[in-house]
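So you can see what is in the structure, the chains are spelled out below.
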Amino acid sequence: GVAVLSTAGQAELARLRRSEPLLHHGRWFVGPGQERAGDACIAWFSPAGHEMQVHDWHQADQHAFACLLRGAGEAAPRLAIVFNPDAEARPFHLSAQGFAVLLDSSGEIKSGQRIAAGQGFQAPARSLLLLRIEHRDLAHEHATVGHRHHQADAREHADGLAYGPAAGAHAQ
């Protein structure tokens, strides 16, 4: 059967769309490295966490995928949208960062539930998940434990999410 979003779910989706600029901006998303001023960026990922390639889109037995959304001028993605049209739950391993569930169209995962950094998760059958990526402030963590000389390095690597040819490496 087809999952239908409840009235409460529809209201929550409308609220999220109004409150989140990436869900209602007036321009098309562009791919990594193609951004101009004001462009939001999208990158597509397999459930295993590697950036989708042409052959991935043509695998007859592979229907689930995800996208990471980055706002104009932002250094790292802020949202993830996970699509699982399959009849069974599907494991996903997207990043070294944690997530907060904003919406699960199946109703199986409660809004606000956290997915720990580096942990995989199950996307329920026939679902769409909207996730907020929770970026850790590694620069602050290093400073707190007395490693101030690593602050500049930590700022450069705080996201753990990359776009481009090496993007899949973060999901290992």
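The text that follows walks through the structure, step by step, so that each part is easy to find. As the structure is a computational prediction, the values presented were derived from the model and not from experiment.

## So, the packing of aromatic side chains
Now for step 1: Overall, the coordinates contain 6 aromatic pairs when judged by the stated rule.
Now for step 2: Here the aromatic cluster, defined as three or more aromatic residues joined through ring pairs, consists of W44, W57, F65 and F83.

## Some remarks on unusual backbone geometry
Now for step 1: Its identity as a non-glycine residue notwithstanding, R126 has a phi of 50 degrees, on the positive side.
Now for step 2: By the secondary structure assignment, R126 is in the loop between β7 (121-123) and β8 (127-134).

## Some remarks on the side chain of S46
Now for step 1: Along the chain, the position of S46 falls in the loop between β1 (41-45) and α2 (54-57).
Now for step 2: By relative accessible area, which is 3% here, S46 ends up buried.
Now for step 3: Dropping the residues within four chain positions of it, S46 is found in contact with M52 and L94.

## Looking at the pattern of salt bridges
Now for step 1: The tally for this structure, following the rule as stated, stands at 5 salt bridges.
Now for step 2: With a closest N to O distance of 2.5 Å, E20 and R78 form a salt bridge. With E20 in the loop between α1 (7-19) and β1 and R78 in the loop between β2 (65-70) and β3 (79-84), this residue pair connects regions lying 58 residues apart in the sequence.
Now for step 3: The exposure class of R78 is partly exposed, given its relative accessible area of 22%.
Now for step 4: A salt bridge links R90 to D86; its shortest N-O distance comes to 3.7 Å.
Now for step 5: Among the charged side chains, a salt-bridge network with shared partners connects E20, E74 and R78.

Cut-offs used in this document
Residues numbered from 1 in each chain as written. Predicted model: local features only at pLDDT ≥ 70, side-chain atom pairs only at ≥ 80, totals over all residues. Heavy atoms only, no water. Phe/Tyr/Trp six-rings, centres within 6.5 Å; stacked < 30°, edge-to-face > 60°. Helix = DSSP H or I, 4+ residues; strand = E, 2+ residues; numbered from the N terminus. Buried < 20%, exposed > 50% of the residue type's maximum accessible area, 1.4 Å probe, protein only. Contact = heavy atoms within 4.5 Å. Salt bridge = Lys/Arg side-chain N within 4 Å of Asp/Glu carboxyl O.

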